Amino acid sequence: MYLVRLIYASRKPRDIVDDSINDILVSARKHNSANSITGLLCFNRKYFLQCIEGSRKKVNETYQRILKDERHEDIIMLDYCEIIKREFTDWSMGYIPDSSLTHDINLKFSGSSEFDPFEMSGESAHQMMLELKEQVPVVD
Ligand SMILES: Cc1cc2nc3c(=O)[nH]c(=O)nc-3n(C[C@H](O)[C@H](O)[C@H](O)COP(=O)(O)O)c2cc1C
């Protein structure tokens with residue numbers, strides 16, 4: 001079973017409340033545990049940046065569902081590749097809140113100190129999430 005990693009960015013629609021992140025995480029963690037998907041989700045109340053890794057079949061099925069979800073829009077794939085091993089094994093979906101998306105980390109991985117994944121390369125987004133995972137509690 002080939003392992004792949006997929007990274008995408010999206011925007012939160014204006015009419016969706018910030019609190020819906022809790023429902024999104026509950027649903028994501030339930031499905032991902034059942035499908036052996038692991039990953040990380042960053043959200044700053046405006047943009048989402050998510051990495052999912054797992055078998056090619058399950059990652060593709062999961063992404064198809066994510067694309068249909070009306071709680072976000074303008075979804076753009078930043079990176080999709082085969083991988084040798086997972087990097088987010090500890091999380092069925094680790095969460096990075098706004099407070100962790102600091103001036104310094106944005107400046108390190110993008111052209112601005114504001115979090116805007118639409119302005120990031122796939123590899124910068126990947127490297128930023130690898131750095132951010134060091135501060136994610138293992139909750140699953
Ligand atoms: C930003 C965002 C991230 C999501 N991440 C995942 C995910 O990692 N895995 C997953 O199965 N569903 C994820 N979803 C939810 C799916 O889009 C879809 O709503 C869900 O799989 C449907 O399951 P349910 O009918 O049990 O709620 C995400 C949705 C949003 C808006």
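Per an unreviewed UniProt entry, the recorded name for the protein chain is BLUF domain-containing protein, and the organism is Thalassotalea euphylliae.

Draft legend 1. Representation of helix α4 (residues 122-132). Within the span of α4, buried status applies to G122, A125, H126, M128, M129, L130 and L132. Against β1 (3-11), β2 (38-43), β3 (47-55), β4 (73-83), β5 (94-96) and α3 (103-109) lie the buried residues of α4.

Draft legend 2. Structural view of the site of the ligand. Taken together, 16 residues form the shell around the ligand, and within it H31, N32, Q50, R65 and D69 come nearest. Within the contact set of the ligand, an oxygen atom lies 3.0 Å away from a side-chain nitrogen or oxygen of Q50. Contact between the ligand and R71: an oxygen atom at 3.2 Å from a side-chain N or O atom of the residue. Notes on the ligand: free accessible area 620 Å², of which the protein chains cover 81%. Counting only elements with at least two residues in the shell around the ligand, the list comes to α1 (20-35), β3 and α2 (56-68). Counted by class, the shell around the ligand contains 6 nonpolar, 6 polar and 4 charged residues.

Draft legend 3. Geometry of the pairing of β3. Across the 9 residues of β3, 9 count as buried, placing the element largely inside the fold. Looking at chain direction, β1 and β3 are connected through 9 bridges and run antiparallel. Its bridge partner lying in β3, R5 is registered against E53. Here β2 folds back onto β3, and the loop between the two strands holds 3 residues, one of which, R45, carries a positive phi near 75 degrees.

What counts and how
Sequence order as written defines the numbering, with residues in each chain counted from 1. Thresholds applied to this predicted model are a pLDDT of at least 70 for local features of residues and 80 or more for the giving and counting of side-chain atom pairs; totals over whole chains, interfaces and linings are not thresholded and use all residues. Just so you know, side-chain values use all the structure's heavy atoms and leave hydrogens and water out. Only protein chains enter the accessibility calculation, which uses a 1.4 Å probe. A residue is then buried if its area is under 20% of the maximum for its type, exposed if over 50%, and partly exposed in between. Under the DSSP-based scheme used, a helix requires at least four consecutive residues in state H or I and a strand at least two consecutive residues in state E, with every element numbered from the N terminus. When checking whether two residues touch, look at their non-hydrogen atoms; a contact exists if any pair is within 4.5 Å. Distances are taken per atom, and a residue is near a molecule or strand as soon as one of its heavy atoms is within 4 Å of it. Here a polar contact is recorded for every N or O atom pair within 3.5 Å, except that within protein the pair must consist of a potential hydrogen donor and a potential acceptor, and residues adjacent in sequence are included only if both atoms are side-chain atoms. Per-residue and other accessible areas were derived by the Shrake-Rupley procedure at a 1.4 Å probe size, with only the shown protein chains allowed to occlude residues. Put simply, Ala, Val, Leu, Ile, Met, Phe, Trp, Tyr, Cys and Pro go in the nonpolar bin, Asp, Glu, Lys and Arg in the charged bin, and everything else, Gly too, in the polar bin. For two strands to pair, DSSP has to find at least two bridges joining them.

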